[in-house]
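Reading the structure
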Protein chains: 2
Amino acid sequence: MRWNGWGDPAQATDLPLAVRTLLPLLLGRTRRPADAVELADVTVAPSALTAHDLDVFGRAVGFAQVDVTHEARIRHAGGRSTPDLLRRRAAEQRVPDAVLRPGTHDEVTAVLTAAAELDVAVIPFGGGTSVVGALDPDRGAHRAVVSLDLRRLSGLINLDPVSGDAVLAAGTTGPEAEGLLSAHGFELGHYPQSFRYATIGGFAAARSSGQNSAGYGRFDTMVTGIRVATPTGDLELGRSPGSAAGPDLIRVFLGSEGIFGVITEVRVRVHPLPQQRILESWSIPDFATGAEALRHVAQSATGPTVIRLSDEAETAVSLAQLGKIGKVLAKGASIVTVYEGDDIAHRRARTAEILRAAGGSSSGETDAEAWLDGRFDGPYLRDSLLDAGVFCETLETATVWAGLSGLRDAVTSVIKDGFAAEAGAKSFVMCHISHIYPTGASLYFTILAGVRGDQLAVWEKVKSAVNDAILAAGGTISHHHAIGRDHAPWLAQEIGETGVRILSAIKRELDPRGILNPGAVIAMDRAGRTD
Amino acid sequence: MRWNGWGDPAQATDLPLAVRTLLPLLLGRTRRPADAVELADVTVAPSALTAHDLDVFGRAVGFAQVDVTHEARIRHAGGRSTPDLLRRRAAEQRVPDAVLRPGTHDEVTAVLTAAAELDVAVIPFGGGTSVVGALDPDRGAHRAVVSLDLRRLSGLINLDPVSGDAVLAAGTTGPEAEGLLSAHGFELGHYPQSFRYATIGGFAAARSSGQNSAGYGRFDTMVTGIRVATPTGDLELGRSPGSAAGPDLIRVFLGSEGIFGVITEVRVRVHPLPQQRILESWSIPDFATGAEALRHVAQSATGPTVIRLSDEAETAVSLAQLGKIGKVLAKGASIVTVYEGDDIAHRRARTAEILRAAGGSSSGETDAEAWLDGRFDGPYLRDSLLDAGVFCETLETATVWAGLSGLRDAVTSVIKDGFAAEAGAKSFVMCHISHIYPTGASLYFTILAGVRGDQLAVWEKVKSAVNDAILAAGGTISHHHAIGRDHAPWLAQEIGETGVRILSAIKRELDPRGILNPGAVIAMDRAGRTD
């Protein structure tokens, strides 16, 4: 992974000509930023760890797995939000004091015990793809902070092919997991945009949702068990697929982003590798009509594996990328559908019937294929836009069907008004629905803005206003990106003061020294108030 | 509801002749117990509440809603397990010191605040159908104990027909909820055996699962939001159907059986009333073959609304009840399927294909209709058996498909050996699968035993051995009956000591005086240890 951008540098793509043509029209002229700093030239503070600390951690994970090199510390300085990437362009950067790489559950436990004794904060680190500040090297009230890189906890620990139940080590990446499972004829089927780098433990800790969620569910519905190391004891949860044995404590850890403990193993439901696939894209008059059609699909359970509705703006830009800019004005909104597995012709027919009845027309498989081919490449495009001086970021929310249009309108207005007011900047806001439920759906926004000044400062203000607007309009503060540090100040508005007290009580019980990911999920001032 | 048995006395049924013929063959001669005591003749201790207590509670809920009558106290003395019913036959009974009937969320809050100040324990009480001791009037370390009867919190508070999302007051019973929803063309579709009496809040608090779970899911998957009153603050949870806004705190309350707070409103996913229904029953050679077929149905998602597999013993007795005892030996195991809603012919065809391939043969709709007609009547039969001196009880568990046969064998052996060893008694054990998941299924046991001595004491020993056996064989201590007091001593084996610490920490935070349902879920000695 590029240290200051996305993915494999060899895969980086230039902006398509059509997009480069569009951008000045949409956003006005932008200013190309200064060249990115080289990793070797970044200045960081010396590690705050003492020789004694390093000795204790070395005994916990093996001395070869305590990494205080300049490069390792910088590579663990944060996640992959746009603010993260903008911070990676600075000459001076805040980084963890060391990177520790445990290879077993017991080594994780040993690190947590040692860190609590040494008064050192620990930031669990999987694929490094958080976009909500969950990986910021915040030491909180502690002496120092280490990044706990979990990628050595990798592999398929167990597969029960009869039950379709697999145990994966938490540091296994998406492609590694699918590779290991496919050797036995199985698939997990969880494909978020971060798939190529993110880890199974990270999917669990962040309540991820993937592009095939219509078919296989959110990641939290795939999890059948977890193993967790905490500073004060271990947990193994999930004896049975259906249970009434008290509250489901797995759910305490899904979405906890490492503040209660470190997930070291995840048991997941898997299914046989699908042998068949149908792809089909659709044009539909407008976003509202498309949303209504998706609601019928969800409530009738017609069974698409993937269904996505792009609004008029996103449809236009996608078409521009595909070199079909001439068609833009004619197209309205667009839908991509994918059907995999059993009974796909019937599922496609039932879904298609609803889309056609709503005024949709099938445009064949070409556009859906293009989406499928490029579905993990969005972040590369962001790198190119940032290099061109265009601010680019995404955000997401969800709500009930009845509130979806109002929420979309509210968020769009606040973004446009925010960039105009804070930076006199034009912005372009695209939206899609990519996760549907019987009672509601997600909204995913992609934002381009022609911000010529301090992009980080402007975005902080716009994003803050967006968070307020989402909550005011009845949306959730995050559908699948999670809370991290970026959303923490808004969490109390979503779950109430009593909800935050519950989280704080669990944290005090499991992590009484407060070393685990301080400031994530529970905002720092609240953690301080309750500790 | 009968105070010392199930349901409407007018609906009570005698044992069918065929069953009366079978029983001595299966269990030997039993001894008809002494006639049941009359309610008016039961002796109870005087209420421990003082005039001051009654005044404070009267101000909280209205003086007309503070009930210290003999009848009300006895009617709130417990739930509807067989041990509960055997206790209702005693001359002296332990009962709560009063029954309080709040009519609003705020009145619930007022009761909890008052009870904490007065040092009085509170047992939340919905339909009174717990079969795991969740309603025992245990005062714990407190001065007195009141039953908090929630049935006045009744009604449809809101219906969002676009999103298919309804808010019901927690004390609404199953039939009341379905009646209110059907007036608007909607259905919840949650039909546990307790349906006629149990409440929406009880379904949530106990993580109920109903007979249509294959189609509409467990109750916990239907819940989209809750409102909770606790002694130290309120909660309103569930903004969005999909969210990554930290851990899903709704799940902390589902299965909490009133130990953290009182659920006062439940938001649930609802669906349009199904317009079509297909019923079909099947014969299948044996239970193992049937279980394998159900696994394929679950893993292929063919879409039955109901699918149940009765083993050979349950099939034989069901046929005996239907007066077809002559056919018994030829029948093996049996399956009931129901399809409701859209696309049912296709769903039936796909399911039938699997059942036929497994050696099943359709036996038409008659047996399925008989099951549907009698599906809430099992508890009436138990009353008749108890009156005839036959011990009768049910228990349930679940595990992954690969472990299901081993778990069934282990439980069956321990029951048979237990009754033989503890009471020299013959027993007859029936089992069915009624809830299927991609990775596993439930097992529901119905037990008859010819216990001539102290049925309560014998059962306590047998049940204890069964709980040990379930956990040793990888099952969950409860699939949908919950924990209550009866299963509490086994919970730590299921969720670990660290899991119990999490529950205790949440309880300390929300209910620092420990007034809520003391001894339920978290066993009394453990609560003491952590308080």
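Now for a look at the structure at hand. Each chain has its residues counted from 1, following the order in which its sequence is written. Just so you know, chain letters begin at A and ligand numbers begin at 1, following the order they were written in. Totals for whole chains, interfaces and linings use every residue, but because this is a predicted model, local features are given only for residues with pLDDT of at least 70 and side-chain atom pairs only at 80 or more, for both listing and counting. Water and hydrogen atoms play no part in the side-chain values, which are based on all heavy atoms of the structure.

1. Concerning the interface of chain B and chain A
Keep this limit in mind: Whether two residues touch is decided by their heavy atoms; if any such pair falls within 4.5 Å, the residues are in contact. By salt bridge we mean one thing: a side-chain nitrogen of Lys or Arg within 4 Å of a carboxyl oxygen of Asp or Glu. Any pair of nitrogen or oxygen atoms within 3.5 Å is treated as a polar contact; in protein, a donor-acceptor pairing is required on top of that, and neighbouring residues in sequence qualify only through side-chain atoms on both sides. Helix numbering and strand numbering both begin at the N terminus, where a helix is a DSSP run of H or I of at least 4 residues and a strand a DSSP run of E of at least 2. Amino acids outside the nonpolar list (Ala, Val, Leu, Ile, Met, Phe, Trp, Tyr, Cys, Pro) and the charged list (Asp, Glu, Lys, Arg) are all regarded as polar, and Gly is one of them.
Taken together, the 80 residues of chain B in the interface contact 79 residues of chain A. Where chain B touches chain A, the interface holds six salt bridges. A salt bridge links Arg508(B) to Glu509(A); the nearest nitrogen and oxygen atoms lie 2.8 Å apart. The tally of links from chain B across to chain A stands at 40 residue pairs in polar contact (both at pLDDT 80 or more). Ranked by residue count, the leading element in the side of chain B that touches chain A is helix H19 (residues 488–510) of chain B, at 14 residues. Here the side of chain B that touches chain A is composed, by residue class, of 33 nonpolar, 27 polar and 20 charged.

2. Remarks on the environment of Asp67(B)
Residues and elements named next belong to chain B. On the secondary structure map, Asp67 appears in strand E1 (residues 66–67). The spacing of Asp67 and Ser147 is 80 residues in sequence and 9.7 Å in space, taken between C-alpha atoms. Excluding residues within four positions of it along the chain, Asp67 makes contact with Ala72, Ala98, Val99 and Arg101. Looking at Asp67, its side chain comes within polar contact range of the side chain of Thr69, at 2.6 Å. A polar contact is formed between the side chain of Asp67 and the side chain of Arg101, at a distance of 2.9 Å.

3. Thoughts on the pattern of salt bridges
For clarity, the cut-off: Remark: exposure states derive from per-residue accessible area (1.4 Å probe, protein chains only) relative to the maximum for the residue type, with buried under 20%, exposed over 50%, and partly exposed in between.
For the structure on display, the rule yields 57 salt bridges over all chains. Measuring nitrogen to oxygen at the nearest pair gives 3.4 Å for the salt bridge that ties Asp84(A) to Arg87(A). Of this pair, Asp84(A) and Arg87(A) are both found in helix H4 (residues 82–87), three residues apart, which corresponds to roughly one turn of the helix. Across the salt bridge formed by Asp97(B) and Arg139(B), the nearest N and O atoms sit 3.2 Å from each other. Highlighted residues: Asp97(B) in the loop between helix H4 (82–87) and strand E2 (98–100) and Arg139(B) in the loop between strand E3 (120–125) and strand E4 (144–149), separated in sequence by 42 residues. A relative accessible area of 2% places Asp97(B) in the buried class. By sharing partners, the salt bridges in this structure join Arg73(A), Asp97(A) and Arg139(A) into a single network.

4. Regarding the sheet that holds strand E1 (residues 66–67) of chain A
To summarise the sheet geometry, strands pair through backbone hydrogen bonds and adopt either a parallel or an antiparallel arrangement. All names here are of chain A. Quick note on the threshold: At least two DSSP bridges between two strands are required for those strands to pair. Helix axes are fitted to C-alpha atoms over the stretch in contact, other axes to C-alpha atoms as well, and angles between N-to-C directions run from 0 to 180 degrees.
Here we have four strands laid out as an open sheet, ordered E1-E2-E4-E3, and mixed in their pairing. Looking at which strands have only one partner, the edges of the open sheet turn out to be E1 and strand E3 (120–125). Where E3 meets strand E4 (residues 144–149), six bridges bridge the pair, whose relative direction is parallel. The residue bridging Ala121 from the neighbouring strand is Val145, located in E4. Against the sheet, helix H5 (residues 105–118) touches strand E2 (98–100), E3 and E4, its axis set at about 150° to E3.

5. As for the relation of the copies chain B and chain A
Our working rule: Least-squares fitting of one copy onto the other uses the C-alpha atoms of those residues that reach a pLDDT of at least 70 in both copies.
Superposing chain B onto chain A takes a rotation of 180° combined with a translation of 0.0 Å along the rotation axis, leaving an RMSD of 0.0 Å. Seen this way, the second copy is the image of the first under a two-fold rotation axis.

6. Things to note about the nonpolar core
Heads up, the rule is: To define a nonpolar core, start from buried Ala, Val, Leu, Ile, Met, Phe, Trp, Tyr and Cys residues and group those joined through side-chain atoms within 4.5 Å.
Membership of the largest hydrophobic core comes to 99 residues, with the highest contact counts inside it found for Phe219(A), Phe253(A), Phe219(B) and Phe253(B). Excluding anything up to four places from it in sequence, Phe219(A) contacts Leu188(A), His190(A), Ile200(A), Phe203(A), Ala204(A), Ser208(A), Ser209(A), Val266(A) and Val268(A).

7. Here we look at the packing of aromatic side chains
What counts, and what does not: Classification of ring pairs rests on two measures: the distance between centres of Phe, Tyr or Trp rings, Trp counted by its six-membered ring, which must be within 6.5 Å, and the angle between planes, read as stacked under 30 degrees, edge-to-face over 60 and tilted in between. Charge-over-ring contacts are defined here by two conditions on Lys NZ or Arg CZ: a distance within 6 Å of the ring centre and an angle within 35 degrees of the ring normal.
Enumeration over the complete set of coordinates arrives at 18 aromatic pairs over all chains. With a centroid separation of 5.5 Å and an interplanar angle of 80°, the aromatic rings of Trp6(B) and Tyr197(B) are classed as edge-to-face. Of this pair, Trp6(B) sits in the segment before helix H1 (17–27) while Tyr197(B) sits in the loop between strand E7 (186–187) and helix H7 (200–206), and the two are 191 residues apart along the sequence. Each member of the pair, Trp6(B) as well as Tyr197(B), is classed as buried. A ring pair is formed by Phe391(B) and Phe419(B), whose centres lie 5.7 Å apart and whose planes are at 50°; its orientation type is tilted. Residue Phe391(B) is found in strand E16 (residues 391–400), and its partner Phe419(B) is found in helix H17 (residues 404–423); the two are separated by 28 residues along the sequence. Of the two residues, Phe391(B) and Phe419(B), neither departs from the other in class, the shared state being buried. Members of the aromatic cluster, connected to one another through ring pairs, are Tyr191(A), Phe195(A) and Phe376(A). It is Arg408(A) that lies over the ring of Phe287(A); its NZ or CZ is 4.0 Å from the centre.

Bear in mind that shape data such as this cannot, by itself, settle questions of function.
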